[in-house]
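Fold and geometry: a report
Chain by chain, the residues run as shown.
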Amino acid sequence: QVQLVESGGGLVQAGGSLRLSCAASGRTFSSSYVMGWFRHAPGKEREFVAAMSSSGGSTLHADSVKGRFTISRDNAKNTVYLQMNSLKPEDTAVYYCAARRGIVVHISGAYDHWGQGTQVTVSS
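Parameters at a glance
- Residues numbered from 1 in each chain as written.
- Predicted model: local features only at pLDDT ≥ 70, side-chain atom pairs only at ≥ 80, totals over all residues.
- Heavy atoms only, no water.
- Disulfide = S-S within 2.5 Å.
- Helix = DSSP H or I, 4+ residues; strand = E, 2+ residues; numbered from the N terminus.
- Buried < 20%, exposed > 50% of the residue type's maximum accessible area, 1.4 Å probe, protein only.
- Salt bridge = Lys/Arg side-chain N within 4 Å of Asp/Glu carboxyl O.
- Polar contact = N/O pair within 3.5 Å; in protein donor to acceptor, adjacent residues only side chain to side chain.
- Contact = heavy atoms within 4.5 Å.
- Core = buried A, V, L, I, M, F, W, Y, C linked by side-chain atoms within 4.5 Å.
- Pairing = 2+ DSSP bridges.

Turning next to the state of the cysteines. Applying the stated criterion across every chain, the model contains one disulfide. Covalent S-S linkage joins C22 and C97, the inter-sulfur distance amounting to 2.1 Å. Around the S-S axis, the bridge from C22 to C97 shows a dihedral of about -80 degrees and counts as left-handed. Here C97 lies in strand β9 (residues 93-100) and C22 lies in strand β3 (residues 18-25), a separation of 75 residues in the sequence. As far as the burial class goes, C22 and C97 line up, both buried.

In structure tokens:
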């Protein structure tokens, strides 16, 4: 009932920037959904990156990305963004967009809908 499609990944050098986008659609989707970003690197568990409430009044950013990454959303476009600056090689991962109804949380299992992921590779 909810479809999420990520885009914007790619290969960048350390210190560079990327902006990821996640377009949401589906019969049941509304701007009341909490939207989040997670990432999964080889050999590591899926990691919370950032999340934002429907209104934007509540946000969470993982300590590892705080000050470098910023989540935002445009409800008119049903799109959430992740602006990634000062990228580091350790940011290399597949980045996933996720959605849920309710409050902002950092636990991946609390999110009901997931995109297909977009690869971000940061070279040194």
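Now for the pattern of salt bridges. Overall, the coordinates contain four salt bridges when judged by the stated rule. For the salt bridge of D91 with R39, the shortest nitrogen-to-oxygen distance reads 2.9 Å. With a gap of 52 residues between them, D91 in the loop between β8 (79-84) and β9 and R39 in strand β4 (residues 34-40) connect regions that are remote in the sequence. There is no split in this pair, since D91 and R39 are both buried. One continuous salt-bridge network, built from bridges that share partners, spans R39, E47, R68 and D91.

Before going further, it helps to spend a moment on the side chain of H61. Structurally, H61 can be placed in strand β6 (residues 59-61). Within polar-contact distance, the side chain of H61 engages the backbone nitrogen of I71 at 3.1 Å. Ignoring sequence-local partners within four residues, the contact set of H61 consists of F48, V49, A50, K66, F69, T70 and I71.

Here the focus is unusual backbone geometry. A positive phi is found at N78, a non-glycine position, where the angle reads about 50 degrees. Along the chain, N78 turns up in the loop between β7 (69-74) and β8.

Time to look at the nonpolar core. Core analysis: the largest hydrophobic core is formed by 37 residues, its most contacted members being M35, W37, L82, M84 and Y95. Listed by contribution, the elements that provide at least two residues to this core are β3, β4, β5 (47-52), β7, β8, β9 and β11 (118-123).

Right, let's get into the pairing of β8. Summarising burial for β8: five of the six residues are buried, a large majority. As paired elements, β3 and β8 share six bridges and run antiparallel to each other. Note that in β8 the partner of C22 across the bridge is V80. Relative to β8, β7 runs antiparallel, the two being bridged by six bridges. Note on β8: the bridge partner recorded for F69 is M84. Here β7 hands over to β8 after four residues, with N78 in that stretch at a positive phi of 50 degrees.

What follows is about the environment of T79. Tracing the chain through its elements places T79 in strand β8. When its relative accessible area of 13% is taken as the criterion, T79 is described as buried. For the pair T79 and R101, spaced 22 residues apart in the sequence, the C-alpha separation amounts to 16 Å. Once you skip the residues sitting within four places of it in the chain, T79 turns out to touch S21, C22, A23, R73 and D74. At a separation of 2.9 Å, a polar atom in the side chain of T79 contacts the main-chain carbonyl oxygen of K77.

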